[in-house]
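# A structural walkthrough
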Amino acid sequence: MAGHGNGEEVKLLGIWFSPYVRRVVWALELKGIDYEWVELSFRDPKNRSPSLLEHNPVLKRVPVLVHRGRPIVESLVIVEYIDETWRNNPVLPSDPYERAVARFWANFVDQKVCLYDSMSLLI
């Protein structure tokens, strides 16, 4: 992972076991985007990484995609950004109804299935 998506700097700040970070990794890999992986520590949730605080000062959690020096946060927002920025291998369906259904299920997983405590584990 050289850290360049189509010649543009791409970094992903994350924790390897986070399902939200994995979602972004899958989108990047599906699209064939080279990116720099920045592993953050989860051992001390009260002592956030300076890089995380710089790029996500509001929520203070991962994932954070940094593209061309600009941060994008929240995994579903990041996946949509990736899909819109790099058009090859679409992640979301082109049909508006089917896209809405995909978004519903992604949101359902976030709200009802994922049992991680995002505040204490930075995920």
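In the nomenclature of an unreviewed UniProt entry, the chain corresponds to Glutathione S-transferase from the organism Hibiscus sabdariffa. The record in UniProt for the chain states the following under Catalytic activity (unreviewed entry): "RX + glutathione = an S-substituted glutathione + a halide anion + H(+)".

### Looking at the pairing of strand E2 (residues 8-14)
For E2 and strand E4 (residues 64-67), the ladder comprises four bridges, and the chain directions are antiparallel. Paired with Lys11 across the two strands is Val66, which belongs to E4. By the bridge criterion, four bridges tie E2 to strand E3 (residues 36-39) in an arrangement that is parallel. The partner of Gly14 across the bridge, within E3, is Glu39. Taken together, E2, helix H1 (residues 19-31) and E3 constitute a β-α-β crossover, and its handedness is right-handed.

### Topic: helix H4 (residues 96-113)
With 18 residues, H4 should cover 26 Å at 1.5 Å per step; its first-to-last C-alpha distance of 25 Å lies within 8% of that length. For H4, the capping residue at the N-terminal end is Asp95, with a side-chain oxygen 3.1 Å from the backbone nitrogen of Tyr97.

### Focus: the layout of surface pockets
To locate leftover empty space, one rolls a probe as large as a water molecule over the atoms. In this structure, the largest pocket occupies an estimated 240 Å³ of space. Contributing to the lining of the largest pocket are Arg23, Trp26, Ala27, Leu76, Val79, Glu80, Val91, Leu92, Ala102, Arg103 and Ala106. Sorting the residues of the lining of the largest pocket by element identifies H1, helix H3 (75-85) and H4 as the ones contributing at least two each. Classifying every residue of the lining of the largest pocket by side-chain character gives eight nonpolar, no polar and three charged. Only H3 and H4 provide two or more residues apiece to the lining of the second largest pocket. Considering each element in turn, the lining of the second largest pocket owes the most residues, three residues, to H3. Of the residues in the lining of the second largest pocket, the class split is three nonpolar, one polar and seven charged.

About the criteria used
- Residues numbered from 1 in each chain as written.
- Predicted model: local features only at pLDDT ≥ 70, side-chain atom pairs only at ≥ 80, totals over all residues.
- Heavy atoms only, no water.
- UniProt positions renumbered as here; feature names shortened; annotations may be inferred.
- Pairing = 2+ DSSP bridges.
- Helix = DSSP H or I, 4+ residues; strand = E, 2+ residues; numbered from the N terminus.
- Right-handed = clockwise from strand over helix to strand, strands pointing away.
- Expected span 1.5 Å × (residues − 1).
- Polar contact = N/O pair within 3.5 Å; in protein donor to acceptor, adjacent residues only side chain to side chain.
- 1 Å grid on protein atoms, 1.4 Å probe; cavity = no way out; pocket = protein on both sides within 12 Å on 5 of 7 lines; lining within 4 Å.
- Points joined across faces, edges and corners; volume = space filled by probe spheres on them.
- Nonpolar A, V, L, I, M, F, W, Y, C, P; charged D, E, K, R; others polar.

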